[in-house]
Amino acid sequence: MKALVYHGPGQKAWEDVPDASIREPTDVVVKVDTTTICGTDLHILHGDVPAVTDGRILGHEAVGTVTEVGDAVKGFSVGDRVLVPAITKCGRCEYCQRSMPSHCQTVGGIGWIFGHLIDGTQAESVRVPYADTSLYAVPANVTNEQAIFLADSLPTGYEVGVLAGKVRPGDTVAVVGAGAVGLSAILTTGLWGASRVIAVETNKFRLDMARDFGATDTVEAGDNTTADVLELTGGVGVDVSIEAVGFPETLLTAASLVRPGGTIANIGVHGVPVSLPMQNMWIQNVTLTMGLVDTVSIPTLLKMVASGRIPAEKMGTHSFTFAQMDEAYDVFKNAAENSALKVVITPA
Ligand SMILES: [Zn+2]
Ligand SMILES: [Zn+2]
């Protein structure tokens, strides 16, 4: 089969590899019908994730069809259409039992293993360990082009942003950064009845998208961001401030927008230390949350997509075939400039 193989920083190739096959009785093999690229894949290609070594197949998001089933698998059969989420879970370890499979001990202490610790989903087929507890059947009225965004970006915006931030009816929510994950938070904030959603972003296309995804107000990020948001909230600040970028400045911006007693929900993947103004923050009774997605909200999100409440397909702005994998990466790498959010990649 063919797959996108990592060959060290800056190096990848769509090339021939051995076919994905069953190794453990709890495995299935899934033929990949749709995959996509995540910001994390770009971090890997920059060499920021040393656990990913030469020869690893990239990717941790897929929708596909089961083609082989291990002897111990009870819940899935050949021919089933399934969502392969970013997180693999044994379902039994202490963290899985706490609904925190992001730290599944059985698969190595971190639930994100595809395209990281084992071969990933940017391939014609993928071996899926712990299939019974990790895979999700895709309802008939949910398309592959919708389900693919439930593998990672939508649950991340929803769980690490909206749920961790404890958005409640009537809340005013700021979302700093309107890339795919920030937009996922905007798209799902309404499920909890936010009355106002303020998108903060530098890029014009993303600000337009934010409106389209449900933001009630947009603020062009700059020197006056904090003052602009405070003005929109009558000088009070927002109830929940969601950070969806991952830079010190954007976290500081998010922290500056929250009212006393509110929550700052950090989704961004940070690469360097951040100096927080604790001398001002301690007296504000604010909460700061952060974390890796667990993907445990996928069943809820699948229902909301099936019922038409979440138009997940809006996230896919560009389509490519497997043979155009390099082009797909080039467009996604410069997503804002290319008016791109997420790419949809299919066999042909
Ligand atoms: Zn990801
Ligand atoms: Zn586990």
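Predicted, not measured: the structure shown is a model, and the values here were computed from it.

Asker: So what exactly am I meant to see when it comes to the overall build of the chain here?
Answerer: Regarding its fold elements, the chain presents 12 helices and 15 strands. Taking 348 residues into account, the globule formula puts the C-alpha radius of gyration at 20 Å, and the chain, at 20 Å, falls close to it. Counting the 348 residues in the chain, one finds 53% classified as buried. Within the chain, residue pairs in contact and separated by at least 24 positions form 69% of the contacts whose partners lie at least 6 positions apart. As displayed, the chain offers around 14400 Å² of accessible surface, 52% of which is attributable to carbon and sulfur atoms. Taken together, the 23 basic and 38 acidic charged side chains of the chain have centroids lying 6 Å from each other.

Asker: I would appreciate a short explanation of the coordination of the zinc ion (ligand 1) in the present structure.
Answerer: Octahedral six-donor coordination of a metal ideally yields angles of 90 or 180 degrees, compared with 109.5 degrees for tetrahedral four-donor coordination. Binding of the zinc ion (ligand 1) to the protein goes through C38 (SG), H60 (NE2) and D152 (OD), at separations of 1.7 to 2.2 Å. We note that the donor set of the zinc ion (ligand 1) lies within a single chain, spaced as C-x21-H-x91-D. Here D152 lies in the loop between α4 (144-147) and α5 (153-163) and C38 lies in the loop between β3 (28-35) and α1 (39-45), a separation of 114 residues in the sequence.

Asker: I'm lost on the coordination of the zinc ion (ligand 2) in this one. Help?
Answerer: Those donors, C90 (SG), C93 (SG), C96 (SG) and C104 (SG), are the protein atoms that reach the zinc ion (ligand 2), and they lie 2.3 to 2.4 Å from it. Metal-centred angles of 104 to 115° between the four donor atoms at the zinc ion (ligand 2) mark the site as tetrahedral. Donor residues binding the zinc ion (ligand 2) come from one chain and are separated in sequence as C-x2-C-x2-C-x7-C. Here C93 is found in the loop between β5 (81-84) and α2 (94-97), whereas its partner C104 is found in the loop between α2 and β6 (125-128), with 11 residues between them in sequence.

Asker: Would you mind going over the layout of surface pockets with me for this structure?
Answerer: One water molecule sets the probe size; rolling that probe over the atoms shows where empty space is left. In this structure, the second largest pocket encloses a volume near 270 Å³. Around the second largest pocket, the lining is made up of 17 residues, and of these P18, A20, R23, I57 and D119 lie nearest the centre. In terms of residues, the lining of the second largest pocket owes the most to one element, β6, which gives three residues. Considered class by class, the residues forming the lining of the second largest pocket number eight nonpolar, four polar and five charged.

Asker: Would you take a moment to explain the packing of α5 against helix α6 (residues 180-189) for this structure?
Answerer: Axis angle and axis distance: for two packed helices, these are the angle between their axes and the distance between the axes, and together they describe the pair. The geometry of α5 relative to α6 is characterised by a closest axis approach of 7 Å and an angle of 70° between their N-to-C directions. By the angle between their axes, α5 is roughly perpendicular relative to α6. Note on packing geometry: the crossing formed by α5 with α6 is right-handed. Along its contact with α5, which presents S153, L154, T156, G157, Y158 and V162, the element α6 presents V181, S184, A185, L187, T188 and T189. Its residues assigned to classes, the contact of α5 with α6 shows six nonpolar, six polar and no charged.

Asker: Is there a simple way to think about the pairing of strand β9 (residues 196-201) in this case?
Answerer: In the case of a regular strand, side chains alternate between the two sheet surfaces. Taken across its six residues, β9 has five buried, putting it largely inside the fold. Taken together, the five bridges between strand β8 (residues 172-176) and β9 define a ladder with parallel strand orientation. If you follow V176 over to β9, its bridge partner there is V200. A crossover connection joins β8 to the parallel β9 through α6; in handedness this β-α-β unit is right-handed.

Asker: Would you take a moment to explain the side chain of T189 for this structure?
Answerer: Mapped onto the elements of the fold, T189 is located in helix α6. With relative accessibility at 0%, the residue T189 sits in the buried group. Excluding its chain neighbours within four sequence positions, the residues that come into contact with T189 are V162, V167, V173, A194 and V197.

Asker: Looking at this structure, how should I read the pairing of strand β15 (residues 342-346)?
Answerer: A large share of β15 lies buried, amounting to five of its five residues. Neither face of β15 is open: one carries K342, V344 and T346, the other V343 and I345, and all of them are buried. Relative to β15, strand β14 (residues 316-321) runs parallel, the two sharing five bridges. The residue of β15 that forms the bridge with H318 is V343. The handedness of the β14 to β15 crossover, carried by helix α12 (residues 325-333), is right-handed.

Asker: Help me out: how do you make sense of the pattern of salt bridges in this one?
Answerer: For side chains of opposite charge, pairing can occur when their charged atoms come near one another. Enumeration according to the criterion identifies 13 salt bridges in this entry. In this structure, the salt-bridge partner of D16 is K2, at a minimum N-O distance of 3.2 Å. Here D16 is found in strand β2 (residues 12-16), whereas its partner K2 is found in strand β1 (residues 2-6), with 14 residues between them in sequence. Relative accessible area serves as the criterion here: at 59%, D16 is assigned to the exposed category. With a shortest N-O distance of 2.5 Å, K31 and D33 are connected by a salt bridge. The class of K31 is partly exposed, set by a relative accessible area of 38%.

Asker: How should the nonpolar core be read in this particular structure?
Answerer: Generally speaking, soluble globular proteins have nonpolar side chains that are buried together. Membership of the largest hydrophobic core comes to 90 residues, with the highest contact counts inside it found for I186 and I242. In this view, I242 contacts G161, V162, V173, A174, V175, V176, A185, A265 and I267; residues no more than four positions away in its chain are not counted. Core analysis: the next-biggest nonpolar cluster, separate from the first, contains 14 residues, V176, V219, I264 and M281 among them.

Asker: How should I be thinking about α12 in this particular structure?
Answerer: Along an α-helix, residues three or four positions apart point the same way, because every turn accommodates 3.6 residues. Three or more residues of α12 are buried, namely M325, A328, Y329, V331 and F332. The arc that holds the buried residues of α12, viewed along the axis, is 165°, so those residues lie on one side.

Quick notes on the rules
- Residues numbered from 1 in each chain as written.
- Chains lettered and ligands numbered in written order.
- Predicted model: local features only at pLDDT ≥ 70, side-chain atom pairs only at ≥ 80, totals over all residues.
- Heavy atoms only, no water.
- Helix = DSSP H or I, 4+ residues; strand = E, 2+ residues; numbered from the N terminus.
- Rg over C-alpha atoms; globule rule 2.2 N^0.38 Å.
- Buried < 20%, exposed > 50% of the residue type's maximum accessible area, 1.4 Å probe, protein only.
- Contact = heavy atoms within 4.5 Å.
- Areas by Shrake-Rupley, 256 points an atom, 1.4 Å probe, with all protein chains shown as cover.
- Lys, Arg positive; Asp, Glu negative; His and termini not counted.
- Charge placed at Lys NZ, Arg CZ, Asp CG, Glu CD.
- Donors = N, O, S within 2.8 Å, 3.2 Å for Na, K, Ca; no water.
- Tetrahedral: all angles 85-135°; square planar, octahedral: opposite > 155°, others 65-115°.
- 1 Å grid on protein atoms, 1.4 Å probe; cavity = no way out; pocket = protein on both sides within 12 Å on 5 of 7 lines; lining within 4 Å.
- Points joined across faces, edges and corners; volume = space filled by probe spheres on them.
- Nonpolar A, V, L, I, M, F, W, Y, C, P; charged D, E, K, R; others polar.
- Axes fitted to C-alpha atoms, helices over the stretch in contact; angles between N-to-C directions.
- Parallel < 35°, antiparallel > 145°, perpendicular 65-115°, else oblique.
- Left-handed = near helix turned anticlockwise from the far one by under 90°.
- Pairing = 2+ DSSP bridges.
- Right-handed = clockwise from strand over helix to strand, strands pointing away.
- Salt bridge = Lys/Arg side-chain N within 4 Å of Asp/Glu carboxyl O.
- Core = buried A, V, L, I, M, F, W, Y, C linked by side-chain atoms within 4.5 Å.
- Arc of directions from axis to C-beta.

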